[in-house]
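# Analysis of the macromolecular model
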Amino acid sequence: MTYRIATIPGDGIGVDVTAEAVAVVDAVLPGVEWTAFDWSCENYLRTGAMMPSDGPERLAGFDAILLGAVGFPGVPDHISLWGLLIPLRRAFGQYVNLRPVRLLPGTESALRDRTAADLDILIVRENSEGEYSEIGGRHNPGRPDEFVLQESVFTRVGCERIIRYAFDRARDRGRRLCSATKSNGLIHSMPYWDSIVDEVAADYPDVTVRSMHVDALAAEIVLHPDRLDVIVGSNLFGDILSDLAAAVTGGLGLAPSGNINPARDTPSMFEAVHGSAPDIAGQGIANPVAQILAAAMMLDHLGESAAAAAIDAAVCAVLEEGRVLTPDLGGTATTSELGKAIASRAAESMG
C-alpha cells in the first residue's frame, strides 16, 4: 500500500531530525509519497502567518503528518502554538496526545539506580480543550485595575472520550491507571474530571485506578516511577507531566509523541517532544531519535506494525551498542550518522 504523508519540518533542528526520520521510514517502507510544507516561525516572519488560512484543507487528504519542531527567536511561543499546532490538532479531531516514556537501552536515567523495568509509562493527554482555551482576554490594559481572564473548558464529551481511551490503553498494558487531578484547588473543573473518571471506571473492573493530585503525581514520577503504568491528564497537566517523565528517562531528545484521531477519518500528526533548539540547528549534532520514534508511532498507527517494530528495534540496538551516538548521548556522531545507522539496522531486520 502506498501512503501519502505530509511533513512540516518547521524550524531549527526540526528540519535536521525530520530529514533523518523520513530516510528511516524509506528504509523500511519504500514507496511512501512525501510532501513537504514550509510552515514555520520563519515563514511567519516572512508572511505574517505560520501557515496559510487553508492549511488544514491542504493536509486533509494525507494519511498522516510528520511534524518537526517549531520555534524561532523573535516569535513568541504562543504564536507558533496557536498559529500551527493547535489549529491542526483541532481541525483533525486529534484529541489524544499520546506520549510513551521509557528508558531506552544504552541510556541512563537522571534517577539513581533506575532501570528500564522501572521506567515505562504511557501518558495520555487530553489534546483539544481543558486549560488550553482561547476564552478570556486582557482587560483595562495599562490601568491600575488591569486584569487577565483565562478560562478552562471541560466538556463531558471531551473528558469522557480521553478517559475512556486511557482505560483502553491501560487494559492493553499493565491494567493500572492513574488520573492527574487537582480537585483540592480547582473547585469546578477537577471535581468534574474526577467524577467522570469514576463513571468510566465502572466499565473497567479489571483496571486498577487511582487519582493523584498533580503535584503529588510529579513527585511520584521522580520517587516511584515503577508504580506508574498509564497516566491520564488534562491538556495542561498531561503536557507538564510528560515533559517531566521524559526528562527522567534520558531527556526530550528521546521522547516521541502522537496527536491521534482515534476515528481515523482525518490524518493524525506525529512529532518529537523536544523544541527547535535554534542554537544548534544546522550543526549536525541534534539527536534524531525522538523524531525517528515518532515516525515509528506513525507507521504503527497506519497499520504497518512490522515496519514500526523494525525501527523501534533498530533504535534500541544502535543505542545499546553505543558506537554511533550524538554528543547529547556521550558520543561524537553527527545527526546524519546516527540516522543512517538506525536506517541500516532497520532495513536489515525487514529483510
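Here is what the cut-offs are and how they apply
Residues numbered from 1 in each chain as written. Predicted model: local features only at pLDDT ≥ 70, side-chain atom pairs only at ≥ 80, totals over all residues. Heavy atoms only, no water. Pairing = 2+ DSSP bridges. Helix = DSSP H or I, 4+ residues; strand = E, 2+ residues; numbered from the N terminus. Axes fitted to C-alpha atoms, helices over the stretch in contact; angles between N-to-C directions. Contact = heavy atoms within 4.5 Å. UniProt positions renumbered as here; feature names shortened; annotations may be inferred. Expected span 1.5 Å × (residues − 1). Buried < 20%, exposed > 50% of the residue type's maximum accessible area, 1.4 Å probe, protein only.

Before going further, it helps to examine the sheet that holds strand S5 (residues 120-126). Taken in spatial order, the ten strands line up as S2-S1-S3-S12-S11-S4-S5-S10-S8-S9 in an open sheet, and their pairing is mixed. Looking at strand neighbours, the two that pair on one side only are strand S2 (33-36) and strand S9 (208-213), the edges of this open sheet. Strand-to-strand twist in this sheet, taken as the mean axis angle between neighbours without regard to direction, amounts to 20 degrees. Bridge analysis of strand S11 (residues 256-260) against strand S12 (residues 268-272) gives four bridges, and the strand direction is antiparallel. If you follow Gly258 over to S12, its bridge partner there is Phe270. Where helix H5 (residues 156-172) meets the sheet, its contacts fall on strand S4 (96-102), S5, strand S8 (176-181), S9, strand S10 (230-233) and S11, and the angle it forms with S5 comes to roughly 165 degrees. On the sheet, helix H7 (residues 214-223) packs against S8, S9 and S10 and is oriented at approximately 110 degrees with respect to S9.

UniProt feature "domain: Isopropylmalate dehydrogenase-like" (unreviewed entry): in the numbering of this structure it lies at residues 4-342. The span residues 4-342 is 40% helical and 19% strand by assignment, and the distance between its end C-alpha atoms comes to 23 Å.

Attention now goes to H5. For H5, spanning 17 residues, the distance from its first C-alpha to its last is 24 Å, which sits close to the expected 24 Å at 1.5 Å a residue. Along H5, the residues that are buried comprise Gly158, Cys159, Ile162, Ile163, Tyr165, Ala166, Phe167 and Ala170.

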